[in-house]
Amino acid sequence: MTHGAVDEMRQAERAYADFIARYPDYAKTASLDRLRATQYRRLDEQRQVYLDYTGACLYAESQLTEHLEMLRGGVFGNPHSANPTSAAMTEHVERTRRSALKYFNASAEDYILVFAQNASAALKLVGESYPFASGGRFLLTFDNHNSVNGIREFARAKGAAIDYAPLLTPGLQFDMARLDALLEQADPARDNLFAYPAQSNFSGVRHPLDLVAKAQSKGWDVLLDAAAFVPTNRLDLAAVRPDFVSVSFYKMFGYPTGVGALLIRRPALAKLKRPWFAGGTINFASVQGRAHVLSPNEAAFEDGTLNYLSIPAVEIGLRHLEAVGVDVIAKRIRCLTGWLLEEFLALRHSNGRAMVRIYGPATTEKRGGTVTFNLYDPQGHLLDYRRVEELAGSEGISLRTGCFCNPGAGEMAEGLTEEDMQAGLALGTDANLQSFARLMRDRRHKSAGSIRASIGLVTNFADMWHFLRFIGGFRDQTRLTIGEVAFDIESCRIIRDGS
Ligand SMILES: Cc1ncc(COP(=O)(O)O)c(C=O)c1O
């Protein structure tokens, strides 16, 4: 081993000892190291530092084996017919449905579970079926995935009033005073929908779940987008009772893709009206009669043939997550995220200026393992986040950059105004994140877009150490600078005198 390599190793050992002293709880999560060494060994064999768990979780080898064995061991036809191969498949699908309801502690008296292609498709089912009308309202928070924002187009088309509740900066939590005032505006005699994420896919903020009951008591149906929350937290639908819940299963346990779910509380189910019918969704339809009778419950929402061969892999994945233990995962994430945030805040250029601007909470209080940030040079100029992502990639580090399909949180985080956004929209068909970022940088001296590192199921300290060393490499670095205007991270102010 070279002197350099020995030195590196000693530094890593010292850093680990310091980490354990600061986060002794990490030692209680050693089961995840054993899991990684057996079920996720491809990560270390291929020297991958995977930090995109908010994009997708990774699957264990055992999930694949179990699924393949199940497929190999049976003869499975298209479900929902009486023939034996179809009946065998129906049994698997329905068993998976029951186990997913059980996982979320949702009783069959209270909730139905609709299989959809992903969380976006689940959200669209709500959008197209909810009885938006003039006099009713659709309230969203700035922090929402675009697949929730998109519901506003259904609300708009049907004449419902649309409002956005803003966030507070720099923490990116809801502005509760403004949100409370907006929640007061519902006419309980009308249909009103309030949509928010249980956890932000932009900032990692965990938003308050008690808002569900509060909004319901004021005449709102509540859509809780749980896609970024459930991979590392328990959602107990006997305790928190949203009317609609959206999830994507690959975000929870990596495999399979192509299956998500919409959970619908029964009283809200009675309100939904599907705008069309399809194969599989009707009990009766006539061409000459030009009419149809929709199936009851989940069947009314599952258009065409389900992804039936993949659905049993959801049951396998849920069992896997159950066996690993969401609480252990959450504990580990808290330790690693806390350490990363502290180290980020401590990173300085030689002139003493902070290197990393974190968007969202700078502590582990009410947040998950999603950390979004930008890097700045010693003079306070923004570094090009796309180049940072490329360089990370060349070191085997998987990050994500851009706005993560959550424009509202990004607009708040980066101080972009309605006027800025109108300038972006004026680009017409040329409008995209790149052209908009250029416009903001050159004409308005603002940044648009950032870097996201997200920690999950089998992240370990070695991943974080590699990542921090990579980010530390931008100390005193000026080559990747974009933009003329300098920004001071600590005061959140533009630097005018170069000092
Ligand atoms: C909070 C949140 N909601 C919804 C979605 C949409 O999920 P999908 O792309 O699986 O439909 C995502 C995906 O990143 C998300 O993070």
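Residues numbered from 1 in each chain as written. Predicted model: local features only at pLDDT ≥ 70, side-chain atom pairs only at ≥ 80, totals over all residues. Heavy atoms only, no water.

(A) Broad picture of the overall build of the protein. Within the protein, the regular secondary structure consists of 19 helices and 17 strands. Computed over the C-alpha atoms, the radius of gyration of the protein is 24 Å, within 12% of the 23 Å expected from 2.2 N^0.38 for a compact globule of 499 residues. Across its three principal directions, the C-alpha atoms of the protein cover 80 × 55 × 40 Å. Counting the 499 residues in the protein, one finds 52% classified as buried. (Helix = DSSP H or I, 4+ residues; strand = E, 2+ residues; numbered from the N terminus. Rg over C-alpha atoms; globule rule 2.2 N^0.38 Å. Buried < 20%, exposed > 50% of the residue type's maximum accessible area, 1.4 Å probe, protein only.)

(B) Structural context of empty space enclosed by the protein. In the structure shown here, the tally under the stated rule is one cavity of 30 Å³ or more. What lines the largest cavity is a set of 17 residues, among which Tyr53, Thr54, Pro231, Thr232 and Ile455 lie closest to the centre. Of all the secondary structure elements, the ones that give two or more residues to the lining of the largest cavity are helix 11 (249-253) and helix 14 (326-346). Of the residues assigned to the lining of the largest cavity, the class counts are 10 nonpolar, six polar and one charged. (1 Å grid on protein atoms, 1.4 Å probe; cavity = no way out; pocket = protein on both sides within 12 Å on 5 of 7 lines; lining within 4 Å. Points joined across faces, edges and corners; volume = space filled by probe spheres on them. Nonpolar A, V, L, I, M, F, W, Y, C, P; charged D, E, K, R; others polar.)

(C) Quick peek at the side chain of Glu414. In this fold, Glu414 is placed in the loop between helix 16 (407-413) and helix 17 (418-425). Salt bridges are absent for the buried Glu414, whose nearest opposite-charge side chain, Arg357, sits at 6.7 Å. Polar side-chain contacts of Glu414 include one of 3.2 Å to the backbone nitrogen of Gly449. Sequence-distant contacts of Glu414, defined by excluding residues within four places in its chain, comprise Arg357, Tyr359, Asn374, Ser447, Ala448, Gly449 and Ser450. (Lys, Arg positive; Asp, Glu negative; His and termini not counted. Salt bridge = Lys/Arg side-chain N within 4 Å of Asp/Glu carboxyl O. Polar contact = N/O pair within 3.5 Å; in protein donor to acceptor, adjacent residues only side chain to side chain. Contact = heavy atoms within 4.5 Å.)

(D) Structural context of the state of the cysteines. Going through the model one piece at a time under the given rule, you end up with zero disulfides. The structure places no disulfide on Cys335, whose sulfur is separated from the nearest cysteine sulfur, that of Cys57, by 18 Å. Under the relative-accessibility criterion, Cys335 is labelled buried at 4%. Here Cys405 stays free of any disulfide, with the sulfur of Cys403 as its closest cysteine sulfur at 6.3 Å. The exposure class assigned to Cys405 is partly exposed, which follows from its relative accessible area of 39%. (Disulfide = S-S within 2.5 Å.)

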